[in-house]
Amino acid sequence: MSIFIDDVLDYLDSQRVCRKAENMESLMEMIHYAYTSHNAIDSAKIRSLFAQLRKIWEPASMDESDEMFSLVCELCMEHEVLAFSQGVCAGMVLMTEVNRLP
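The structure contained in this document is the topic of the report that follows. (Residues numbered from 1 in each chain as written. Predicted model: local features only at pLDDT ≥ 70, side-chain atom pairs only at ≥ 80, totals over all residues. Heavy atoms only, no water.)

1. Concerning the packing of helix α3 (residues 27–38) against helix α5 (residues 62–99)
Using the following cut-off: Angles run from 0 to 180 degrees between N-to-C directions of axes, and those axes are lines fitted to C-alpha atoms, restricted for helices to the stretch in contact. Strands are runs of DSSP state E lasting at least two residues, helices are runs of H or I lasting at least four, and both sets are numbered from the N terminus onward. Angular relationships are summarised with four words: roughly parallel below 35 degrees, roughly antiparallel beyond 145, roughly perpendicular across 65 to 115, and oblique for the angles in between. In this analysis, two residues are considered to be in contact whenever any of their non-hydrogen atoms come within 4.5 Å of each other. In this count, Pro and Cys sit with the nonpolar residues alongside Ala, Val, Leu, Ile, Met, Phe, Trp and Tyr, while Asp, Glu, Lys and Arg are called charged and the others, Gly among them, polar.
It is the contact of α3 with α5, at a shortest axis distance of 10 Å, that shows an interaxial angle of 110°. By the angle between their directions, the pair α3 and α5 is classed as roughly perpendicular. Residues Met28, Ile31, His32, Tyr35 and Thr36 of α3 touch α5, and the partners they reach there are Met77, Glu80, Val81, Phe84, Ser85, Val88 and Cys89. Partitioned by chemical class, the residues of the contact of α3 with α5 number eight nonpolar, three polar and one charged.

Here is the structure:
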């Protein structure tokens, strides 16, 4: 049985999934939160890159260092969310194409 995007959207509209979660703006945000909660990323490469950044901003004051660190983290998070969302959309398109195969 093939599931079409209209069926999925109709189902989500009827369930009001996003309204059941207090601080979530979208279903995509809920999925991303669940994914990152169960798949935390903590690699040696990421720690190494942050260490390199610290060397660059060491001459800055503690407040400036904190502000730069926060901005870098926000930038990374924004990139992660967009990449995740695009991956989910690409997966949905792929699923649709596979379901249409004879």
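Moving on from the model shown.
2. Concerning the side chain of histidine 32
Rule in force here: Accessible area is worked out with a 1.4 Å probe on protein chains only. A residue is then buried under 20% of its type maximum, exposed over 50%, and partly exposed in between. For the purposes of these results, a polar contact is taken to be a pair of N or O atoms within 3.5 Å, where, inside protein, one atom must be able to donate a hydrogen and its partner to accept one; residues adjacent in sequence count only when each atom of the pair is a side-chain atom.
Mapped onto the secondary structure, histidine 32 falls in helix α3. Given the relative accessible area of 6%, histidine 32 is considered buried. Looking at histidine 32, its side chain comes within polar contact range of the side chain of glutamate 80, at 2.8 Å. When residues no more than four places from it in sequence are discounted, the contact partners of histidine 32 are Met77, Glu80, Val81 and Phe84.

3. Topic: the packing of helix α4 (residues 44–57) against α5
Stated precisely, the cut-off is as follows: It is the rotation of the near helix from the far one that decides the hand of a crossing: anticlockwise by less than a right angle makes it left-handed, clockwise makes it right-handed.
Their axes nearest at 11 Å, the elements α4 and α5 cross at an angle of 145°. In this structure, α4 meets α5 at a crossing whose hand is right-handed. Here Phe50, Leu53 and Trp57 of α4 lie close against α5, whose contacting residues are Ser65, Met68, Phe69, Val72 and Cys73. For the contact of α4 with α5, the residue count by class is seven nonpolar, one polar and no charged.

Keep in mind that these numbers describe shape and distance, not what the molecule does.
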